[in-house]
Amino acid sequence: MGNADHVHPSTDVEHAHRVAIPPPQPFLKSLKASMMETFFPDDPFRQFKNQPPSRKLILGLQYFLPILEWAPRYSLQFLKADLVAGITIASLAIPQGISYAKLANLPPILGLYSSFVPPLVYAMMGSSRDLAVGTVAVASLLTASMLGNAVNANENPTLYLHLAFTATFVAGVLQASLGILRLGFIVDFLSHATIVGFMGGAATVVCLQQLKGILGLEHFTHGTDLISVMRSVFTQTHKWRWESAVLGCCFLFYLLIARYFSKKRANLFWISAMAPLTSVILGSLLVYLTHAENHGVQVIGQLKKGLNPLSVTHLSFKSPYLSTAIKTGIVTGVIALAEGIAVGRSFAMFKNYHIDGNKEMIAFGMMNIAGSCTSCYLTTGPFSRSAVNFNAGCKTAVSNIVMAMAVMITLLFLTPLFHYTPLVVLSSIIIAAMLGLIDYEAAIHLWHVDKFDFMVCMGAYVGVVFGSVEIGLVVAVGLSLLRVLLFVARPRTLVLGNIPDSTIYRSFDQYPNANNVPGILILEINAPIYFANSSYLRERISRWIDEEEDRLKSSGESSLQYVILDMGAVGNVDTSGLSMFDELKKSTERRGLKLVLANPGGEVIKKLNKSKFIESIGQEWIYLTVGEAVGACNFMLHTSKPRAMVSESETWSDNV
C-alpha cells in the first residue's frame, strides 16, 4: 500500500458542499410513513385511489377473492389446459393423500378429505395460478411427532383425531391473522439455509420412519431420531418380512426410475405424476390376486365412502391437551406458510407474475379453518404436486377445482377399490417423494458461498435427524436469529484507502492497491448504529486508531491527525448511537485527533442536529463525500500546524 498525499482538484475547499439537514416532519406524518413502509410495503391501497365507491367495493372483493378478477376473462382454451392439469395432479393427490395421512397417524380417508375442501377454498382466495393444494409430509410428521408426545394415536384415536382438527384450526387462525395484520415478514426469519436443512432433515426422518412399512413391522418406535429408529429396526430382525421388503423395493425402484425419466425430458412429466397411482393400482391388484395380506403384507383395509363429514363439533377447546394442539398448530402453520409461499413465488417467477404474500396467508388460513371444520388436517402448497401442476400446463387455479372434483368422485364411488392397497406401496411413495426434498446440491452451494449459512443448514439437519423435529426447528430458528443478532451487534468496520489516480476511497480488503492518506484514518461503518452495537463500534474504532498509530510509529510516517467516518451505510441511529458519537468525539480530542464525518444520511444528520452534536463538532467538519473530507483535511495539514484545531476550525468555517 502506497501513500496518497496530494490534494485532488475536485476536493478543493472552495468547492465543498454543505450536508443538508432535512426539513422537520410532523410526528404523526413520520409515524404513518414508517408504519406504511413496515406493514404495507407493496402499497395495496394504490389501486383504490381516485375510484368511485362502487369500484372500490368491487376492487375490495377482488382483493380477498381473486377468482372474481380472473373468472370473467376465463376461456375455453384455459379450461382445456386446467382439465388436463387437474386430472394429472389428482392422480398424484389421491395416493399421496392416503400416504401422508398414515404418516400423521390419522385415518387414511382424511388424506382424501384434505384434497377436496381446501383446494376449493384456495381456488377462490389464492393468488397463485400454479400452486396445487394438499397435505405435505413435513407437516404430517410434525403433527404425528408433537401430538404423539401427548396422546397415543393407537390407544386413544378419537382424542388424537380431535386434537389434529384443533391444531389445524389454530394453524388456520394464525395464518389468516398474519395475513390480515400484514405480519408476513415474521415468516422471513426462516432463512433459505434454515429451510434447506430442516426440510432435508425432516425428509430423512420420514424416510427412516417408512422402514416400518417396507420391512412389514407391526411395532415400531414413536421416536423420530436416527438412533431410536435404527435400534427399533435392528432389534426386530427376526420379524422382518421379505415379501414386504421385496415388494417395497420394486415399487420404490419403479418410482425413482419414473422420476428420473421425467427430469430428463420435461414433456414426460406425466410419467412421474402417474407413477404413484399406477403403483397403488398394481400393488392392489397384486395383493388381491395373490392374497398377500395373508402372508405378511399389510393393507389399508376398509375406507369409508362419502364426502367430508362436519367436524366443527370435534374441535377440542376444553381438552386438557389444548396447549399441545395450540403448539402443534403454531409450528405446523408457520412451516406450512413458509413452504407454500416459497413454492408459489418460485413458479410465479417462471411465468413472470406476482403473488401477494399476505393475500396467500389469508387464503391458506381460510382453507385450513374450513378444513378443520370438514374433517381435514393441515394443508398447504407442496412442491411436488405444484411442480406437476406447472409442468402439466395449468393456466389458473381451476386445476385445483378439477382435482377436488376428481377426489369427490373417488370419495363417493371408488374408495372400496383401495381396500387391498398395500401399506408398503404407500411407504415407497413417501420415500420417493422425500428423496427429492434432500437438496444436497443446495447444501454444497451454501458451503461454497457462505460457510455460516452452511453451519445453519447442517445445524438444522443434525438437530432433526439426531434429536427431534422440534429440536431441529428450534436449532434452525435459533441459529438464524443468532446470525441476525451478529449482523446487528457486530457490524463490519473497514479501513478505506484511495484508489490511485482517483477521488474514490474503498476498503483495503477489496482493493489491496489502494493508498493510505498520510495523517488521515478513514473508516467505513456498514450498519445502522443502535444500542446493540454502539459500545462495540466505539471500542472497535478506538482499536483501529491504536493500530493505525502503531503502524505509523513503526514505519516512521507522519503522525495521525484526522479520523474520518464514512457514514454512507449508516441508515439510522438511536439515542445510544448519539451518545457513542459524543464519547468518540471526546476520546479523539483527548488523543489530539479531530473527528470528521462524511456522507451522513438524512435520518442520521437530522438526529445529530436535534442532539446538538453538529453544534458540538462544528458544521465545518461534516462533508458530503469522503473525497471532500480528505481534501479538506489535506488542506489543513498542508497549511496549518498539526494540533491547532480550534483556531483552524474557525478559519475553515469562514472558507466554507
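About the criteria used
- Residues numbered from 1 in each chain as written.
- Predicted model: local features only at pLDDT ≥ 70, side-chain atom pairs only at ≥ 80, totals over all residues.
- Heavy atoms only, no water.
- Helix = DSSP H or I, 4+ residues; strand = E, 2+ residues; numbered from the N terminus.
- Areas by Shrake-Rupley, 256 points an atom, 1.4 Å probe, with all protein chains shown as cover.
- Lys, Arg positive; Asp, Glu negative; His and termini not counted.
- Charge placed at Lys NZ, Arg CZ, Asp CG, Glu CD.
- Expected span 1.5 Å × (residues − 1).
- Buried < 20%, exposed > 50% of the residue type's maximum accessible area, 1.4 Å probe, protein only.
- Contact = heavy atoms within 4.5 Å.
- Polar contact = N/O pair within 3.5 Å; in protein donor to acceptor, adjacent residues only side chain to side chain.
- Patch = residues over 30% accessible without salt bridge, like charges linked within 9 Å, V, L, I, M, F, W, Y side chains within 5 Å.
- Salt bridge = Lys/Arg side-chain N within 4 Å of Asp/Glu carboxyl O.
- Core = buried A, V, L, I, M, F, W, Y, C linked by side-chain atoms within 4.5 Å.
- Pairing = 2+ DSSP bridges.
- Axes fitted to C-alpha atoms, helices over the stretch in contact; angles between N-to-C directions.
- Parallel < 35°, antiparallel > 145°, perpendicular 65-115°, else oblique.
- Left-handed = near helix turned anticlockwise from the far one by under 90°.
- Nonpolar A, V, L, I, M, F, W, Y, C, P; charged D, E, K, R; others polar.
- Phe/Tyr/Trp six-rings, centres within 6.5 Å; stacked < 30°, edge-to-face > 60°.
- Lys NZ or Arg CZ within 6 Å of the ring centre and 35° of its normal.
- pLDDT = per-residue confidence, 0-100.
- Right-handed = clockwise from strand over helix to strand, strands pointing away.

*Asks:* Would you take a moment to explain the overall build of the protein chain for this structure?
*Replies:* Counting secondary structure elements, the protein chain contains 27 helices and six strands. For the protein chain, the spread of C-alpha atoms along the three principal axes comes to 105 × 70 × 55 Å. When the accessible surface of the protein chain is summed, it comes to about 30,400 Å², and 63% of that surface belongs to carbon and sulfur atoms. Averaging the coordinates of the 50 positive side-chain charges in the protein chain and doing the same for the 45 negative ones gives two points 11 Å apart.

*Asks:* Just to check I follow, could you spell out helix H21 (residues 469-489) for this structure?
*Replies:* In an α-helix, one full turn covers 3.6 residues, which means residues spaced three or four apart are oriented alike. The first and last C-alpha atoms of H21 sit 30 Å apart over 21 residues, in line with the 30 Å expected at 1.5 Å per residue. Residues of H21 that are buried: Val-469, Glu-470, Gly-472, Leu-473, Ala-476, Ser-480, Arg-483 and Ala-489. Where H21 is buried, its residues contact helix H7 (137-148), helix H9 (192-209), helix H14 (322-351), helix H20 (451-467) and helix H22 (534-555). Of the residues flanking the start of H21, the one acting as N-cap is Ser-468, its side-chain oxygen 3.2 Å from the backbone nitrogen of Ile-471.

*Asks:* Where do I start with a nonpolar patch on the surface in this structure?
*Replies:* Taken together, Phe-185, Ile-186, Phe-189, Leu-481, Val-484, Phe-487, Val-488, Tyr-530 and Phe-531 make up a surface patch of nonpolar side chains, about 820 Å² in accessible area. Within the secondary structure layout, Phe-189 lies in the loop between helix H8 (157-180) and H9. Classification of Phe-189 as partly exposed rests on a relative accessible area of 39%.

*Asks:* It is not clear to me how the nonpolar core should be interpreted in this structure. Could you clarify?
*Replies:* If you look at soluble globular proteins, the nonpolar side chains tend to sit buried side by side. Residues Ile-98, Leu-106, Leu-110, Leu-142, Phe-198, Ile-335 and Met-434 are the most contacted members of the largest nonpolar core, which totals 100 residues. Ranked by the residues each element gives to this core, the list is headed by helix H18 (residues 423-435), at ten residues. Among residues more than four places away in sequence, those in contact with Phe-198 are Val-138, Leu-142, Ile-335, Ala-460, Val-464, Val-469, Gly-472 and Leu-473. Within the second largest apolar cluster, 52 residues are counted, among which are Val-517, Ile-541, Val-596 and Val-626.

*Asks:* Looking at this structure, how should I read the sheet that holds strand S5 (residues 594-598)?
*Replies:* Each strand in a sheet pairs with another by means of backbone hydrogen bonds, the pair being arranged parallel or else antiparallel. What the six strands build is an open sheet, ordered S2-S1-S3-S4-S5-S6; its pairing is mixed. A single partner strand is all that each edge strand has here, and the edge strands are strand S2 (505-507) and strand S6 (622-623). Contacting strand S1 (493-498), strand S3 (520-525) and strand S4 (562-566), H22 runs over the sheet at an angle of about 150° to S3. Its contacts with the sheet place helix H26 (residues 626-639) against S2, S3, S4, S5 and S6, and it is angled at close to 170° to S4.

*Asks:* Just checking my understanding: could you explain the pattern of salt bridges for this structure?
*Replies:* Pairs may arise between side chains of opposite charge once their charged atoms sit close together. Going through the model one piece at a time under the given rule, you end up with 13 salt bridges. Between Arg-538 and Glu-583 there is a salt bridge, with its nearest N and O atoms 2.8 Å apart. Separated by 45 residues along the polypeptide, Arg-538 in helix H22 and Glu-583 in helix H23 (residues 575-590) bring together distant segments of the chain. With a relative accessible area of 36%, Glu-583 lands in the partly exposed category.

*Asks:* Explanation requested: the side chain of Glu-339 in the structure shown.
*Replies:* Along the chain, the position of Glu-339 falls in helix H14. Despite being buried, Glu-339 has no salt bridge partner; Arg-385 is the closest side chain of opposite charge, sitting 9.9 Å away. Not counting residues within four places of it along the chain, the set of residues in contact with Glu-339 comprises Val-136, Met-199, Gly-381, Pro-382 and Phe-383.

*Asks:* Where do I start with the packing of H20 against H21 in this structure?
*Replies:* In a packed pair of helices, the relevant descriptors are the angle between the two axes and the axis-to-axis distance. Put simply, H20 and H21 touch, their axes get as near as 6 Å, and they point 160° apart. One finds that H20 runs roughly antiparallel with respect to H21. The hand of the H20/H21 crossing is right-handed. In this structure, H20 uses Phe-452, Asp-453, Met-455, Val-456, Gly-459, Ala-460, Gly-463, Val-464 and Gly-467 to contact H21, whose residues at the interface are Val-469, Ile-471, Gly-472, Val-475, Ala-476, Leu-479, Ser-480, Arg-483 and Leu-486. Its residues placed into classes, the contact of H20 with H21 shows eleven nonpolar, five polar and two charged.

*Asks:* What is the right way to look at unusual backbone geometry in this model?
*Replies:* Note on backbone geometry: most residues besides glycine have negative phi, and most peptide bonds are trans. Although it is not a glycine, Asn-50 adopts a positive phi angle of roughly 60°. Within the secondary structure, Asn-50 is located in the loop between helix H1 (27-39) and helix H2 (53-64). The phi dihedral of Asn-599 falls on the positive side, at around 60°, and the residue is not glycine. Mapped onto the secondary structure, Asn-599 falls in the loop between S5 and helix H24 (602-610).

*Asks:* Could you clarify how one ought to interpret the packing of aromatic side chains in this entry?
*Replies:* The relative placement of two aromatic rings is captured by the distance of their centres and the angle of their planes. Using the criterion set out here, one finds 15 aromatic pairs in the structure. Look at Tyr-74 and Phe-78: their rings are 6.0 Å apart centre to centre, the planes differ by 70°, and that puts the pair in the edge-to-face class. Judged by its relative accessible area of 24%, Tyr-74 is partly exposed. Seen from the ring of Trp-447, Lys-451 lies directly overhead, with NZ or CZ sitting 4.6 Å from the centre. Sitting above the plane of the Trp-544 ring, Arg-540 keeps its charged end 4.0 Å from the centroid.

*Asks:* Would you explain the environment of Asp-188 in this entry?
*Replies:* Tracing the chain through its elements places Asp-188 in the loop between H8 and H9. Residue Asp-188 is classed as exposed on the basis of its relative accessible area of 55%. For the pair Asp-188 and Asn-50, spaced 138 residues apart in sequence, the C-alpha to C-alpha distance is 34 Å.

*Asks:* So what exactly am I meant to see when it comes to the confidence of the model for the protein chain here?
*Replies:* Interpreting fine coordinate detail is not advised for predicted regions of low pLDDT. For the protein chain, per-residue confidence averages 86 on the pLDDT scale, and residues scoring 70 or more make up 95% of the total. Throughout residues 5-15 the model reports pLDDT below 50, and contacts reaching past four residues in sequence, or to other chains, amount to 19 contacts.

*Asks:* Quick question: what am I supposed to make of the pairing of S3 here?
*Replies:* Strand residues, when the strand is regular, have side chains that alternate between the two faces of the sheet. Along S3, six of the six residues are buried, which leaves the element largely enclosed by surrounding structure. The alternating pattern of S3 places Ile-520, Ile-522 and Glu-524 and Leu-521, Leu-523 and Ile-525 on opposite faces, both of which are buried. The sheet contact formed by S3 and S4 spans five bridges and is parallel. Along S4, the bridge assignment pairs Leu-523 with Leu-565. Taken together, S3, H22 and S4 constitute a β-α-β crossover, and its handedness is right-handed.

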